[in-house]
Amino acid sequence: MSESNFVDYIKIYARSGKGGRGSAHFRREKYIPFGGPDGGDGGKGGSVILKGNRNYWTLLHLKYERHILAGHGENGTGKLCHGKDGADKIIEVPIGTVVFDADTGEFITDIQHHGQEIILLKGGRGGKGNNFFKTATNQAPKYAQPGDPYEERRVILQLKLLADVGLVGFPNAGKSTLLSVVSAAKPKIANYPFTTLEPSLGIVNVRDSHSFVMADIPGIIEGASEGKGLGLRFLRHIERNSLLLFLVPADADDISKEYEILLNELAQYNPELLDKKRILAISKSDMLDEELQEALTEELSVDIPYIFISAITHKGIIALKDLLWKELNNQEFHDMESIVYRPMDIKMVDVDDDYDFSLPEEEQEEDDDLDYDEIDWENEQ
């Protein structure tokens with residue numbers, strides 16, 4: 001069985017570059033007996049930078065690049081030659097990527113816009129050469145400054161899909177079928193639970209050339225917030241949706257009860273999800289006649305808009321798209337900046353820890369900067 005190309009979380013080791021050493025060189029030329037200090041400054045170490053890219057939809061491109069290493073700054077030399085700055089390492093990630101510390105679970109940052117750049121690890125500052133420290137009273141300093149050390153950490157990159165409408169429902173509720181009918185997406189469809197094992201996105205066209213993005217989230221079961229079924233793995237994608245479309249099949253024993261169970265699972269995972277706009281779609285209604293549909297309508301006890309649809313006969317599909325478009329335009333779109341992230345529970349995250357995150361031997365060289373004497377550089381003139 002081939003591996004899925006949808007990768008929505010991954011652990012990497014990132015390391016910035018250390019700063020280059022300053023030079024303690026003196027000018028030595030014929031007929032110039034007192035050349036004085038001419039040591040150049042060390043180069044700045046490269047930084048590790050996260051950059052949002054709307055052309056990426058998964059983290060697949062990072063699956064086999066677990067070591068992200070920025071370049072070291074080069075040392076300064078004589079004749080006031082400054083060392084070359086280390087090259088920055090830019091990690092391009094999809095919009096909606098959230099970053100956590102892999103050891104503590106602490107939230108670090110998230111990428112919300114295309115082209116947004118955030119410095120994950122800052123490169124070390126280059127050391128000053130002895131020419132920088134010369135003064136009227138200290139014309140020949142015999143010391144230079146070491147470069148600042150690099151920073152390193154292991155981080156977890158977690159993708160949360162951005163969509164206008166998210167489909168929420170139990171397995172076999174007809175979510176994938178609905179997405180395939182209203183958009184050009186081709187999710188896997190079969191008559192057994194958990195057919196959808198990864199989220200799918202589709203562009204839904206509405207009247208007058210308008211459109212919005214719909215996301216098919218894998219089925220939720222009772223206890224998903226506690227790790228049952230597919231557990232928490234895909235619940236996080238719902239956080240980025242502006243509107244939630246609940247799907248409950250018409251042949252359910254109790255439509256209102258199933259809706260309440262789904263709503264409770266979302267509340268257990270993140271209470272802020274209850275603030276999102278919600279619509280209930282009763283799928284597979286082609287099995288109902290008018291009399292039975294009226295009876296179900298009288299039994300419904302939900303406080304949100306609802307509609308009877310059938311993806312097979314296209315019953316109510318146009319009305320559903322119009323309703324979704326109306327609600328999306330009536331509400332204030334979900335502001336990503338208002339999301340408050342909780343620290344990640346590392347024990348609950350299924351991340352491949354078998355990968356060797358140790359650096360290659362050539363990267364574990366000793367730092368010659370440690371040979372420098374301790375000097376209070378802030379007070380040094």
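Values in this document were obtained by computation on a predicted structure and should not be read as measured data.

## Some remarks on the overall build of the protein chain
Moving on, step 1. In terms of helices and strands, the protein chain carries 4 helices and 14 strands.
Moving on, step 2. Counting across all 381 residues of the protein chain, residues that qualify as buried make up 49%.
Moving on, step 3. Considering only contacts within the protein chain whose residues lie at least 6 apart along the sequence, 75% involve residues at least 24 apart.
Moving on, step 4. For the protein chain, the accessible area works out to roughly 20,300 Å², and carbon and sulfur atoms hold 47% of it.

## Thoughts on the pattern of salt bridges
Side-chain pairing between opposite charges can occur once the charged atoms of the two side chains come close.
Moving on, step 1. On inspection of all chains with the given rule, the structure shows 8 salt bridges.
Moving on, step 2. Residue lysine 277 pairs with glutamate 327 through a salt bridge whose shortest N-O separation is 3.6 Å. Taken together, the positions of lysine 277 in strand S13 (residues 277-283) and glutamate 327 in helix H4 (residues 317-330) put the pair 50 residues apart, joining distant regions of the chain.
Moving on, step 3. Residue classification places glutamate 327 among the buried residues on the basis of a relative accessible area of 11%.

## Quick look at the sheet that holds strand S11 (residues 211-216)
Moving on, step 1. Pairing within the open sheet is mixed, and its 6 strands lie in the order S10-S11-S9-S12-S13-S14. This sheet does not close on itself; its edge strands, each paired only once, are strand S10 (200-205) and strand S14 (306-308). Taken over all neighbouring pairs, the strand axes of this sheet differ in orientation by 25° on average, direction set aside.
Moving on, step 2. Pairing between S13 and S14: 3 bridges, direction parallel. Residue pairing across strands places alanine 281 opposite isoleucine 307, the latter belonging to S14.
Moving on, step 3. Against the sheet, helix H2 (residues 255-269) contacts strand S9 (163-169), strand S12 (241-249) and S13, and its axis sits at roughly 145° relative to S12.

## Points about the nonpolar core
Moving on, step 1. Core analysis: the largest hydrophobic core is formed by 28 residues, its most contacted members being Val168, Ile238, Phe246, Ile255, Leu266 and Leu280.
Moving on, step 2. Every element with two or more residues in this core is listed here: S9, S12, H2 and S13.
Moving on, step 3. With 7 residues, the top contributor of residues to this core is H2.
Moving on, step 4. Not counting residues up to four positions away in its chain, the partners in contact with leucine 280 are Phe246, Val248, Ile255, Tyr259, Val302, Ile304, Pro305, Tyr306 and Ile307.
Moving on, step 5. Membership of the second largest hydrophobic core comes to 23 residues, among which are Val165, Val204, Leu243 and Leu320.

## Topic: the pairing of S13
Moving on, step 1. Of all 7 residues in S13, 6 are buried; the element is thus mostly enclosed.
Moving on, step 2. Where S12 lies against S13, 7 bridges are found, and the strand directions are parallel. By the bridge assignment for S13, valine 248 is matched with isoleucine 282.
Moving on, step 3. Between S12 and its parallel partner S13, the chain crosses via H2, and the hand of that crossover is right-handed.
Moving on, step 4. As a crossover connection, the stretch from S13 through helix H3 (residues 290-299) into S14 is right-handed.

## Focus on H2
Because an α-helix completes one turn every 3.6 residues, residues spaced three or four positions apart along the sequence face the same direction.
Moving on, step 1. Helix length check: H2, at 15 residues, gives a terminal C-alpha distance of 22 Å against a target of 21 Å (1.5 Å per residue), a fit within 8%.
Moving on, step 2. Those residues of H2 not exposed but buried are Ile255, Ser256, Tyr259, Ile261, Leu262, Leu263, Glu265, Leu266 and Tyr269.
Moving on, step 3. For H2, the secondary structure elements touched by its buried residues are S9, S12, S13 and H3.
Moving on, step 4. Structurally, the start of H2 carries an N-cap: the backbone nitrogen of serine 256 is 3.2 Å from a side-chain oxygen of aspartate 254.

## Here we look at the sheet that holds strand S2 (residues 48-52)
Moving on, step 1. Judged by pairing direction, the sheet is mixed, and its 3 strands sit side by side in the order S4-S2-S7 without closing on themselves. Of all strands in the sheet, those bounded by a partner on one side alone are strand S4 (89-93) and strand S7 (117-121). Strand after strand, the sheet turns through a mean of 30° between neighbouring axes, direction not considered.
Moving on, step 2. Judged from the 5 bridges that link them, S2 and S4 form a sheet pairing that is parallel. The residue bridging valine 48 from the neighbouring strand is lysine 89, located in S4.

## Observations concerning the confidence of the model for the protein chain
Moving on, step 1. When pLDDT is averaged across the protein chain, the result is 79; 77% of the residues are at 70 or more.
Moving on, step 2. Considering only residues more than four positions removed or in separate chains, one finds that residues 333-338, a stretch of pLDDT under 50, has 13 contacts.
Moving on, step 3. Confidence drops under a pLDDT of 50 for residues 362-374, and excluding neighbours within four residues, the segment shows 16 contacts in the predicted structure.

## Section: H4
Moving on, step 1. Spanning 14 residues, H4 covers 20 Å between terminal C-alpha atoms, matching the ideal 20 Å at 1.5 Å per step.
Moving on, step 2. The complete set of buried residues in H4 reads Ile317, Leu320, Lys321, Leu323, Leu324, Glu327 and Leu328. Looking straight down H4, one finds its buried side chains confined to an arc of 160°; they lie on one side. Residues Ile318, Lys326 and Asn330 are exposed on H4 and point more than 90 degrees away from its buried face.

What counts and what doesn't
- Residues numbered from 1 in each chain as written.
- Predicted model: local features only at pLDDT ≥ 70, side-chain atom pairs only at ≥ 80, totals over all residues.
- Heavy atoms only, no water.
- Helix = DSSP H or I, 4+ residues; strand = E, 2+ residues; numbered from the N terminus.
- Buried < 20%, exposed > 50% of the residue type's maximum accessible area, 1.4 Å probe, protein only.
- Contact = heavy atoms within 4.5 Å.
- Areas by Shrake-Rupley, 256 points an atom, 1.4 Å probe, with all protein chains shown as cover.
- Salt bridge = Lys/Arg side-chain N within 4 Å of Asp/Glu carboxyl O.
- Pairing = 2+ DSSP bridges.
- Axes fitted to C-alpha atoms, helices over the stretch in contact; angles between N-to-C directions.
- Core = buried A, V, L, I, M, F, W, Y, C linked by side-chain atoms within 4.5 Å.
- Right-handed = clockwise from strand over helix to strand, strands pointing away.
- Expected span 1.5 Å × (residues − 1).
- Polar contact = N/O pair within 3.5 Å; in protein donor to acceptor, adjacent residues only side chain to side chain.
- pLDDT = per-residue confidence, 0-100.
- Arc of directions from axis to C-beta.

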